[in-house]
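Next come the chains, spelled out residue by residue.
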Amino acid sequence: MDSAAASTSTYDDVRPSATPPRALATEAVHAGRDDLARQGLHAPPIDLSTTYPSYDSRAEAARIDAFAATGAEPDGPPVYGRLGNPTVARFETALARLEGTESAVAFASGMAALSAVLLARAAMGLRHVVAVRPLYGCSDHLLTAGLLGSEVTWTDPAGMADALRPDTGLVLVESPANPTLAEVDLRAVAHACGSVPLLVDNTFATPVLQRPAEQGARLVLHSATKYLGGHGDVLAGVVACDEEFAGRLRQVRFATGGVLHPLAGYLLLRGLATLPVRVRAASASAAELARRLADDPRVARVHYPRIGGAMVAFEVHGDPHEVIAGVRLITPAVSLGSVDTLIQHPASISHRIVDPDERRGAGVSDRLLRLSVGLEDVDDLWRDLRGALGAAETAGAAAVEV
């Protein structure tokens, strides 16, 4: 098959269709790839084209006009890299199937994805956002600083309905939240939102542990950099939603240029194939580490979600910076969701941009550490954590003696 034919059939055939219901593990492996065997392919092709030739400029103009009107994906072959890409479309199809939504729209990062949602609502005159803390620090800052012209009202889930206004365009929650792993009742929040779209950041849970659209969320956000990619080698964001909202997001993506590179789309599709296995294995280790940390006298408090997951947060009696300095196997770094275990101090890094009083009010204490559990042996991880906690204790005792 020549490259032009491959591009056309790939783009058309990977869009959502009436595929019979399949288990999550099966969807993770096959969604976005269902057409490959018919083309004589096994691995998805990577289409790196930025533009696509067309000898029918009248038809091309009509297709571009149709996109401008609704944001629907153009019929036929691709037009230009900012409108869409066949490789990225495969990932979008797969993620929509995993989240149980009609569509998904991918972006260059999670923050680009959130920005597109805010811009889409602002374009309709709906600039007000209701949000629940804690959120990822940069999401918090984007809303608080009003960088995109938005205005935010912070509330708890119980005050959600009272915080809504006629110009409220979005309700935003994370569950489990970054970094405290606090959970909210998504079904109750969705009910309180009424007709206002609820956006749930599902980065920590992934569709393996929860599917917010089934509980009433209209939009599901992922920093795909994390568990969806899963190997610390791709930067991306994605919003799973209904097709109407997806059209608006595609228009924003086209206008602002926050597109996902095709190679990143390929890596994400590859990452999805092992997502259920990775999340379940890491979650088992995380639950065991949470239990051991809770029994350690050097740990003041452990946060672990009811739904499980691979994230653990814990507060130490001693200096958290000494714990960071003391790890040897665990990687001291920002981000999460990789195959290796990462540890970081949110108050210094991921949430430093949030006002200190508001940060502490949301439960992000100065002694809180966030652990993203990977796929290493749990006993090796515990040995490293225990050693780091011991080193911090020793350093604290030395400081007192001085």
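Structure: above.
Residues numbered from 1 in each chain as written. Predicted model: local features only at pLDDT ≥ 70, side-chain atom pairs only at ≥ 80, totals over all residues. Heavy atoms only, no water.

Peer 1: Sorry if this is basic, but what is going on with the sheet that holds strand 12 (residues 368–372) here?
Peer 2: Across a sheet, strands are paired by hydrogen bonds formed along the backbone, either parallel or antiparallel in direction. Strand order across the open sheet formed by five strands is 8-9-12-11-10, with mixed pairing between neighbours. Strands with a single pairing partner mark the edges of an open sheet, and in this sheet they are strand 8 (299–303) and strand 10 (331–332). In this structure, strand 9 (residues 311–316) lies alongside strand 12, joined through five bridges in antiparallel fashion. In the sheet register, A313 faces strand 12, and the bridge partner there is R370. (Pairing = 2+ DSSP bridges. Helix = DSSP H or I, 4+ residues; strand = E, 2+ residues; numbered from the N terminus.)

Peer 1: How do you make sense of the nonpolar core when you look at a structure like this?
Peer 2: Judged by nonpolar contacts, the single largest core of 38 residues is most densely connected at F91, L228, V238, L260, L268 and L275. Contacts of L260, omitting those with residues within four sequence positions, involve V88, F91, A106, F107, A108, L235, A236, G265 and L268. Core analysis: the second largest hydrophobic core is formed by 25 residues, V105, L118, V129 and V252 among them. (Core = buried A, V, L, I, M, F, W, Y, C linked by side-chain atoms within 4.5 Å. Buried < 20%, exposed > 50% of the residue type's maximum accessible area, 1.4 Å probe, protein only. Contact = heavy atoms within 4.5 Å.)

Peer 1: Is there a simple way to think about the sheet that holds strand 3 (residues 151–154) in this case?
Peer 2: With mixed pairing, seven strands are arranged side by side in an open sheet as 1-7-6-5-4-2-3. Of all the strands in the sheet, just strand 1 (103–107) and strand 3 have a single pairing partner and so form its edges. Each strand of the sheet is rotated relative to its neighbour by a mean of 20 degrees, with strand direction disregarded. Pairing between strand 2 (residues 128–131) and strand 3: four bridges, direction parallel. Considered in strand 3, the bridge of V129 is made with V152. (Axes fitted to C-alpha atoms, helices over the stretch in contact; angles between N-to-C directions.)

Peer 1: Quick question: what am I supposed to make of a nonpolar patch on the surface here?
Peer 2: Together, I46, L48 and L263 give the surface a local cluster of nonpolar side chains, amounting to about 260 Å² of exposed area. Structurally, L48 is set in the loop between helix 2 (24–30) and helix 3 (57–70). Its relative accessible area of 55% is what places L48 among the exposed residues. (Patch = residues over 30% accessible without salt bridge, like charges linked within 9 Å, V, L, I, M, F, W, Y side chains within 5 Å. Areas by Shrake-Rupley, 256 points an atom, 1.4 Å probe, with all protein chains shown as cover. Salt bridge = Lys/Arg side-chain N within 4 Å of Asp/Glu carboxyl O.)

Peer 1: Where do I start with the packing of aromatic side chains in this structure?
Peer 2: Under the counting rule described, the total for this entry stands at one aromatic pair. Each ring, one from F67 and one from F254, has its centre 5.6 Å from the other, and the planes form 75 degrees; the classification is edge-to-face. In this pair, F67 is assigned in helix 3 and F254 in helix 10 (residues 243–256), connecting sequence segments 187 residues apart. For F67, a relative accessible area of 4% gives the class buried. A relative accessible area of 26% places F254 in the partly exposed class. Over the face of the ring belonging to F254 we find R82, whose NZ or CZ atom lies 4.5 Å from the ring centre. The cationic tip of R133 hangs over the ring face of W154; the distance from NZ or CZ to the ring centre is 3.9 Å. (Phe/Tyr/Trp six-rings, centres within 6.5 Å; stacked < 30°, edge-to-face > 60°. Lys NZ or Arg CZ within 6 Å of the ring centre and 35° of its normal.)

Peer 1: Looking at this structure, I do not really get unusual backbone geometry. What am I missing?
Peer 2: A negative phi holds for most residues other than glycine; trans holds for most peptide bonds. In this structure, P176 follows S175 across a cis peptide bond, with omega equal to -5 degrees. Within the secondary structure, P176 sits in the loop between strand 4 (168–174) and helix 8 (186–193). That bond from N178 to P179 is cis: its omega, 5 degrees, falls within 30 degrees of zero. When you line up the elements, P179 lands in the loop between strand 4 and helix 8. Not every positive phi belongs to a glycine, and L181 is a case in point at roughly 65 degrees. Its place among the elements puts L181 in the loop between strand 4 and helix 8. The phi torsion at T206 lies on the positive side, around 65 degrees, for a residue other than glycine. Take T206: its relative accessible area is 1%, and that puts it in the buried class.

Peer 1: Looking at this model, I keep getting lost on helix 4 (residues 86–99). Mind explaining?
Peer 2: For an α-helix, 3.6 residues make a turn, and residues three or four places apart therefore share a direction. Taking 1.5 Å of rise per residue, 14 residues should cover 20 Å, and helix 4 covers 20 Å from first to last C-alpha, within 8% of that figure. Burial of helix 4 is extensive: 14 of the 14 residues sit out of reach of the surface. Looking one or two places after helix 4, you find G100, whose phi comes out positive at around 75 degrees. (Expected span 1.5 Å × (residues − 1).)

Peer 1: Just checking my understanding: could you explain the environment of L24 for this structure?
Peer 2: Locating L24 in the fold gives a position in helix 2. Spatially, the C-alpha atom of L24 lies 8.4 Å from that of P207, the residues being 183 residues apart in sequence.

That's the geometry; what it means functionally is another story.
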